[in-house]
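The primary structure of each chain is shown beneath.
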Amino acid sequence: MVESKQQWKAWIYLAPAIALLLVFTVWPIINTVRMAFLEDYSIALASGGEASFRFGVGNFVKVAEYQDFVTCLKNTVLLCVITVPISTLLALLVAVALNNIKPLRKTLQTIFFLPYVTNSIAIGMVFAAMFNIVGSLGTRRPLIQTVGIVNNVIEFFGGSYVNWINNGSGYWANMFVLIIYIVWNALPFKILILLGGLQSVNKQYYEAAKVDSTPRWRVLWRITVPLLSPMIAYVVITGFIGGFKEYTSIVGIFGESLGPAHAPGRLNTMVGFIYDALAQHHQGRASAAALILFGIILLVTLVNLQVSKKRVHY
Amino acid sequence: MKIVLQNLTKIFPSRNKKSDEEVIAVNNFNFEIPDGKLIGLLGPSGCGKSTTLYMISGLQKPTSGKIFFGDDDVTELSTENRGIGLVFQNYALYPHMTVKQNILFPLQNLKGADKMTKEQMLERAYQAAKLVQIDQLLDRKPSELSGGQQQRVAIARALVKMPRVLLLDEPLSNLDARLRLQTREEIRRIQQETKITTVFVTHDQEEAMSISDMIVVMKTGVVQQIGKPQDVYDDPANLFVAKFLGTPPINVFEGRVQDGMLYIGEDAVLPIKGVENQPVTVGIRPEGFIVDENGSLKCKPVNVEVMGRDVSVVSTHGASLNPFVRSIVDADNRIDVGSGVVRYAIKPHKIFIFSKKTEERIYFEVK
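As a convention, each chain's residues are numbered from 1 in the sequence order in which they are written. Chains and ligands are labelled sequentially in the order written, the chains with letters from A and the ligands with numbers from 1. The model is predicted, so local features are restricted to residues of pLDDT at least 70 and side-chain atom pairs to those at 80 or more, both for listing and for counting; the totals for chains, interfaces and linings are taken over all residues. Side-chain numbers here rest on the full set of heavy atoms in the structure, without hydrogens or water.

Colleague: Summarise the overall build of chain B; cite the residues concerned and give the values.
Modeller: In this description a helix means any DSSP run of H or I spanning at least four residues, a strand means any run of E spanning at least two, and both kinds are numbered starting from the N terminus. For chain B, the helix and strand inventory stands at eight helices and 22 strands. Taking the principal axes of the C-alpha coordinates as reference, chain B spans close to 75 × 50 × 40 Å. Only protein chains enter the calculation, and the probe is 1.4 Å; a residue is then buried if its accessible area is under 20% of its type maximum, exposed if over 50%, and partly exposed in between. Sorting the 367 residues of chain B into buried and exposed places 51% on the buried side. Contacts are assigned to residue pairs with any non-hydrogen atoms lying within 4.5 Å of each other. Considering only intrachain contacts with a sequence separation of at least 6, the fraction spanning at least 24 residues in chain B is 65%. Computed with the Shrake-Rupley method and a 1.4 Å probe, the accessible areas treat only the protein chains shown as cover for residues. Accessible surface, chain B: about 17200 Å² in total, of which carbon and sulfur atoms supply 48%. Side-chain charges of chain B comprise 46 positive and 45 negative groups, with the mean position of each set lying 4 Å from the other. Under this rule, positive means Lys or Arg and negative means Asp or Glu; His and the chain ends count for nothing. A charged residue contributes its charge at one atom only: NZ of Lys, CZ of Arg, CG of Asp or CD of Glu.

Printed below as a string of structure tokens:
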């Protein structure tokens, strides 16, 4: 503990950081809660005085009643539940593989790390190009020409093209592209964490396993995974938190319409919902949605922590 | 299962590319380890003893030479297929498994004809645990055990699959002094009960001497001497071995052989024959001194340490290569430190002479 005489000094050193946190983090959080519980709150209308807003849960009711909200919630949860396990598993396998090779490790590490330092919107546009179909649907003689590399590959192997993201594409085709994008984008951070964890695992456990003639898959599941479990738990929890905030990937691939041309908004997520509400100056509704999202993330994280209590060996 | 090491050599390439200094960790090691014996590999750190052990285990590949288990050449065989048990220096117990799971682990890996049912595995694990007396601790995690208990779990894990060979890498170095004494007796007992050929590595000569059937003394990758502990102690092949074995350590003096007489400094200590005139290094075991008024070796006593039955006399001598000459004599001798001189006669079989140049032993006959 700092001696009481010295305490004012400590506070002075902390002051700049505290001031910034108060202004840009603490106050907005308080304000969000306040706005969420003021019915129909909107900054545009608030200039006349805030007394005109009644206190109540009307914003939450409205949010829940929106058809959009259900779509957004469903998309968010689906993307989370599908991508987090896949990306975690893939990251684990890649990290183990990287840890086991010597030549080219640095090069491969760099390649796997690229998505982390690349702009998400740019990646989204590249993905859109990869899964694209250029041509026209709905003229009298439909001329469809595939130029997206993914469809080119499918056709090269004798398959027929898939309408991934264009006008008339199916929901699961869209989701498929999104899932690939999100998984790929989520890999580098997870690989980095898991590789770091692997490198701090005592090599002797592996030598001991070798002496005991342990098959490889058993080494992975019975030794590597339990020893890495703190890192895996960390990666899964942060993965879910990040997953519930998914938005940029959808803008990156589908643009502002958040869906193929015939079904705009179909792939919207919770963050998108909040953003839309803000754009329409419904700050009250946006705040309520933000609090709901916060509640969901909190709940999922608590469940995660509870599960990891039994499975994680520190 | 006997183990034969044939011209075993391990060279580590230099790390620094600029210099091509290779490190010869083990140099041309030949030894046949008899079946069912306990062998101690002994030497200071960096002498190649652990490398030798790891080559027997297969975790390191020899640069040249061959290893046989019985009549099978296992040089190219990977660790998994050698059927060895290995106890690591820091035990390498899987921290996330209980003691029981740790011991069961090697059994669960068995394939084909060796595959066991759950009951058989539990039975075997229980037997192994009982052998090392940890059957009360089966549901604990390694972190909940003391060092000595962890050590026993590691041995149980190595023994449970009935290995052909048991290897122990500095098994006692992490234990406190009392536990070390206890555990080394334990290792001896377990080895004699199981009759598994066992090789263990240590830098502690006392440990190696006390429990091994045979010891191998190594220095910078070269085997110095192989033999029964007492034989190696009584008959060291060179100065290094003589200095390395024994507590308190051997007393070393500058000396010379001149006209059939061995001199330490100017003291003519022993008439000998069969050795040419030359400067030599003389080693005398602490128990080789006899306090004698007419003794030829004159030392200046500094201190007498009473140990009950014996006393340890600390003295100085001009030709001594150690700071002090330490002798262990019967407590009946009354040594007067104040008199400034103590005279010793030397037991001839406790005195060794070594070439000053090569440090090899020079054998002599007493005249």
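Colleague: Go over the pattern of salt bridges, please, and point to the residues and values.
Modeller: Residues and elements named next belong to chain B. Here a salt bridge means any side-chain nitrogen of Lys or Arg lying within 4 Å of a carboxyl oxygen belonging to Asp or Glu. Taken as a whole and judged by the stated rule, the model has 18 salt bridges over all chains. With a shortest N-O distance of 2.4 Å, E254 and K356 are connected by a salt bridge. Of the two residues, E254 is situated in strand 11 (residues 251-258) and K356 in the loop between strand 20 (351-355) and strand 21 (361-362); the sequence distance between them amounts to 102 residues. Take E254: its relative accessible area is 37%, and that puts it in the partly exposed class.

Colleague: Can you lay out the sheet that holds strand 1 (residues 3-12) of chain B for me, pointing to particular residues and giving the numbers?
Modeller: All names here are of chain B. Strands pair, by our definition, only if DSSP identifies at least two bridges between them. Taken in spatial order, the four strands line up as 2-1-4-5 in an open sheet, and their pairing is antiparallel. One side of each edge strand has no neighbouring strand; the edge strands of this open sheet are strand 2 (23-33) and strand 5 (72-73). Both strand 1 and strand 4 (residues 64-69) contribute to a ladder of five bridges, which runs antiparallel. Each residue of the ladder has a partner; that of V4, found in strand 4, is F68. Here an axis means a line fitted to C-alpha atoms, over the contact stretch when the element is a helix, while the angle between two N-to-C directions is reported on a 0 to 180 degree scale. Here helix 1 (residues 49-57) sits on the sheet in contact with strand 1, strand 2 and strand 4, set at roughly 120 degrees to strand 1.

Colleague: Lay out the packing of helix 12 (residues 270-279) of chain A against helix 13 (residues 283-311) of chain A with the relevant residues and their values.
Modeller: Two quantities define a packed helix pair, namely the angle between the helix axes and the distance between the axes. Residues and elements named next belong to chain A. Where helix 12 meets helix 13, the closest approach of the two axes is 7 Å, and the angle between their N-to-C directions is 165 degrees. When the interaxial angle is binned, helix 12 and helix 13 end up roughly antiparallel. Seen along the crossing, helix 12 lies across helix 13 with a hand that is left-handed. Contacts between helix 12 and helix 13 pair M270, V271, F273, I274, A277 and L278 from the former with Q283, R285, A286, A289, A290, I292 and L293 from the latter. When residue character is reported, Ala, Val, Leu, Ile, Met, Phe, Trp, Tyr, Cys and Pro are called nonpolar, Asp, Glu, Lys and Arg charged, and the others, Gly included, polar. For the contact of helix 12 with helix 13, the class distribution of residues is eleven nonpolar, one polar and one charged. For this classification, under 35 degrees means roughly parallel, over 145 means roughly antiparallel, 65 to 115 means roughly perpendicular, and everything else is oblique. Helix crossings get a hand from a simple test, with the near helix turned counterclockwise from the far one by less than a right angle marking a left-handed crossing and a clockwise turn marking a right-handed one.

Colleague: Can you explain the pairing of strand 9 (residues 214-219) of chain B? Please cite residues and give values.
Modeller: Residue and element names in this part refer to chain B. Pairing between strand 3 (residues 38-42) and strand 9: four bridges, direction parallel. Opposite L41, over in strand 9, you have V216 as the bridge partner. In the sheet, strand 9 pairs with strand 10 (residues 222-227) via five bridges, with the strands oriented antiparallel. Opposite M218, over in strand 10, you have V223 as the bridge partner.

Colleague: How would you sum up the sheet that holds strand 6 (residues 84-87) of chain B? Please name residues and give values.
Modeller: Residues and elements named next belong to chain B. If you trace the six strands from one edge of the open sheet to the other, you get 6-7-8-3-9-10, paired in mixed fashion. Whereas interior strands pair on both sides, the edge strands pair on one side only; in this sheet they are strand 6 and strand 10. Ignoring which end each strand starts from, the neighbouring axes of this sheet average 15 degrees apart. Sheet strands touched by helix 4 (residues 147-159): strand 6 and strand 7 (165-169). Its angle to strand 6, the strand with the most contacts, is close to 170 degrees.

Colleague: Explain the packing of aromatic side chains residue by residue, including any values.
Modeller: Between two aromatic rings, the relevant description is the distance of the centres plus the angle of the planes. Residue and element names in this part refer to chain A. Two aromatic rings, drawn from Phe, Tyr or Trp (for Trp, its six-membered ring), form a pair once their centres lie within 6.5 Å of each other, and the interplanar angle then sorts them: stacked below 30 degrees, edge-to-face above 60, tilted otherwise. One pass over the full model with this rule turns up 20 aromatic pairs over all chains. With a centroid separation of 5.2 Å and 20 degrees between ring planes, the pair formed by W164 and F176 is classed as stacked. Of the two residues, W164 is situated in the loop between helix 7 (149-156) and helix 8 (171-199) and F176 in helix 8; the sequence distance between them amounts to twelve residues. For F176, a relative accessible area of 40% puts it in the partly exposed group.

Colleague: Which residues make up the interface of chain B and chain A, and what values do they have?
Modeller: Taken together, the contacts link 22 residues of chain B with 18 residues of chain A. The buried area of a pairing is the accessible area, by a 1.4 Å probe, that goes missing from both parts when the two are put together, added over both. Together, the buried faces of chain B and chain A total about 1900 Å²; carbon and sulfur atoms form 56% of this surface. The three residues of chain B that bury the most area against chain A are B:E80, B:H96 and B:N109, which together make up 30% of that side's buried surface. Where chain B meets chain A, there are one salt bridge. A salt bridge links B:K161 to A:D212; the shortest N-O distance between them is 3.4 Å. The definition of a polar contact used here is a pair of N or O atoms within 3.5 Å, where within protein one atom must be able to donate a hydrogen and the other to accept one, and adjacent residues in sequence count solely through side-chain atom pairs. On the surface where chain B and chain A come into contact, there are ten residue pairs in polar contact (both at pLDDT 80 or more).

Colleague: Can you tell me about the confidence of the model for chain B, naming the residues and giving the values?
Modeller: Per-chain confidence: chain B averages 90 in pLDDT, with 99% of residues scoring 70 or above. Both scores are given for the predicted complex: the pTM is 0.78, the ipTM 0.79. For every residue, the pLDDT score states the predictor's confidence, bounded by 0 at the bottom and 100 at the top.

Colleague: An account of the nonpolar core is needed here, citing residue identities and associated values.
Modeller: Think of a nonpolar core as a cluster: buried Ala, Val, Leu, Ile, Met, Phe, Trp, Tyr and Cys residues, connected wherever their side-chain atoms sit within 4.5 Å. In terms of nonpolar packing, the biggest core is built from 40 residues, with B:I3, B:F29, B:I67, B:F69, B:L86, B:Y94 and B:L167 touching the most fellow members. Among residues more than four places away in sequence, those in contact with B:I67 are B:I3, B:V4, B:L5, B:L8, B:M55, B:I56, B:P62, B:D72, B:D73, B:V74, B:T75 and B:R82.

Colleague: Explain helix 5 (residues 177-194) of chain B residue by residue, including any values.
Modeller: Two residues of an α-helix separated by three or four positions point the same way, owing to the 3.6 residues in each turn. Residue and element names in this part refer to chain B. In this scheme, a helix's expected span is set at 1.5 Å multiplied by one less than its residue total. Over its 18 residues, helix 5 runs 26 Å from end to end, which matches the ideal 26 Å to within 8%, given 1.5 Å per residue. Those residues of helix 5 that are buried lie in contact with strand 3, helix 3 (118-131), helix 4, strand 7, strand 8 (197-202) and helix 6 (205-211). Positive backbone phi, approximately 60 degrees, marks K195, located one or two places after helix 5.

Colleague: Please set out unusual backbone geometry residue by residue, giving values where relevant.
Modeller: Residues and elements named next belong to chain B. Across the junction of T247 and P248, the peptide omega takes the value -10 degrees, indicating a cis bond. Positionally, P248 belongs in the loop between helix 8 (239-244) and strand 11. Here the phi dihedral of A92 falls at roughly 50 degrees; this positive angle occurs in a residue that is not glycine. Within the element layout of this structure, A92 appears in the loop between strand 6 and helix 2 (99-108). Its identity is not glycine, yet E359 carries a phi of approximately 65 degrees, on the positive side. Topologically, E359 is positioned in the loop between strand 20 and strand 21. Relative accessible area serves as the criterion here: at 34%, E359 is assigned to the partly exposed category.

Colleague: Quick rundown of the confidence of the model for chain A? Include the residues and the values.
Modeller: Residue and element names in this part refer to chain A. Confidence in the prediction of chain A, expressed as mean pLDDT, is 86, and 91% of residues score 70 or more. Confidence, expressed as mean pLDDT per element, reaches its minimum in chain A at strand 1 (residues 134-135) with 52 and its maximum at helix 4 (residues 67-100) with 93. Across residues 135-139, where pLDDT falls below 50, the model places eight contacts with residues more than four positions away in sequence or in other chains.

Colleague: Summarise the packing of helix 4 of chain A against helix 8 of chain A; cite the residues concerned and give the values.
Modeller: Residue and element names in this part refer to chain A. Orientation of helix 4 relative to helix 8, taken along the N-to-C sense of each, is 40 degrees, at an axis distance of 6 Å. One way to sum up the angle between helix 4 and helix 8 is to call them oblique. Two packed elements cross with a definite hand, and for helix 4 against helix 8 that hand is right-handed. For the contact of helix 4 with helix 8, the residue count by class is 25 nonpolar, six polar and two charged.

Colleague: Break down the pairing of strand 12 (residues 261-264) of chain B for me, with residues and values.
Modeller: Residue and element names in this part refer to chain B. Of the two faces of strand 12, only the one carrying L262 and I264 is buried; M261 and Y263 on the other face are not. Bridge count between strand 11 and strand 12: four bridges; the pairing is antiparallel. Following the sheet pairing, V257 is matched in strand 12 by L262. Joining the antiparallel neighbours strand 11 and strand 12 is a turn of two residues, in which D259 adopts a positive phi near 50 degrees. Taken together, the four bridges between strand 12 and strand 13 (residues 267-273) define a ladder with antiparallel strand orientation. Among the inter-strand pairings, L262 is bridged to a residue of strand 13, identified as L270. Between strand 12 and strand 13, which follow one another and run antiparallel, lie two residues, and G265 among them has a positive phi close to 60 degrees.

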